[in-house]
Amino acid sequence: MNEPAIESVLSTRGSMRLYGFTQTHERLIVECHQDGLRRFIHFVLVERISAPVSWNTKSPTVERHGDRLHYRDDGVEIVCAEMMANDRPN
């Protein structure tokens, strides 16, 4: 688990939009805009996605259940094995 990435995700308040994903949905990339900054969250080995194309964060949470991470934020849910955050989409 990438603890700095999770802290980064939880501290994000702003607009989020689906940026891209692999055909098999093994990797999902979400673009985040906050206070004029742009960064990307990579969800790796995605098992389940329930998210609109874009949303404004309200109070995101990340919980570990076994070997999976569950990201939730006001109806948005992404279940994956790992999360990473950086300032590049690749």
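Residues numbered from 1 in each chain as written. Predicted model: local features only at pLDDT ≥ 70, side-chain atom pairs only at ≥ 80, totals over all residues. Heavy atoms only, no water.

### Looking at the overall build of the protein chain
Scanning the protein chain from terminus to terminus reveals one helix and nine strands. Relative to the globule expectation of 12 Å for 90 residues, the C-alpha radius of gyration of the protein chain, 12 Å, shows essentially globular dimensions. For the protein chain, the spread of C-alpha atoms along the three principal axes comes to 35 × 25 × 25 Å. Out of the 90 residues in the protein chain, the part that is buried amounts to 39%. (Helix = DSSP H or I, 4+ residues; strand = E, 2+ residues; numbered from the N terminus. Rg over C-alpha atoms; globule rule 2.2 N^0.38 Å. Buried < 20%, exposed > 50% of the residue type's maximum accessible area, 1.4 Å probe, protein only.)

### Looking at the sheet that holds strand β4 (residues 48–50)
Ordered in space as β4-β8-β7-β6, the four strands form an open sheet in which the pairing is antiparallel. A strand with exactly one partner marks an edge of an open sheet, and here the two such strands are β4 and β6 (61–65). Here the strands of the sheet are splayed against their neighbours by 15° on average, with no regard to which way each runs. Relative to strand β8 (residues 76–80), strand β7 (residues 68–73) runs antiparallel, the two being bridged by five bridges. In the sheet register, Asp73 faces β8, and the bridge partner there is Val76. (Pairing = 2+ DSSP bridges. Axes fitted to C-alpha atoms, helices over the stretch in contact; angles between N-to-C directions.)

### So, the nonpolar core
Nonpolar side chains tend to gather and get buried jointly when the protein is soluble and globular. The biggest cluster of nonpolar side chains holds 16 residues, and the ones touching the most others in it are Met16, Leu28, Val30, Phe43, Trp55 and Tyr71. Those residues within four positions of Leu28 in sequence are excluded, and the remaining contacts are Leu18, Gly20, Phe21, Ile41, His42, Phe43, Val46, Ile49 and Ile78. (Core = buried A, V, L, I, M, F, W, Y, C linked by side-chain atoms within 4.5 Å. Contact = heavy atoms within 4.5 Å.)

### So, the sheet that holds strand β2 (residues 27–34)
Ordered by their spatial adjacency, five strands build an open sheet running β5-β1-β2-β3-β9, and the pairing between neighbours is antiparallel. Looking at the sheet topology across the chains shown, the edges are occupied by β5 (54–56) and β9 (82–86). Neighbour to neighbour, the strand axes of the sheet diverge by 25° on average, direction disregarded. Two elements, strand β3 (residues 37–44) and β9, share five bridges in a ladder whose sense is antiparallel. Each bridged residue has a counterpart across the sheet, and for Ile41 the counterpart in β9 is Ala85.

So yeah, pure geometry; function would need other evidence.
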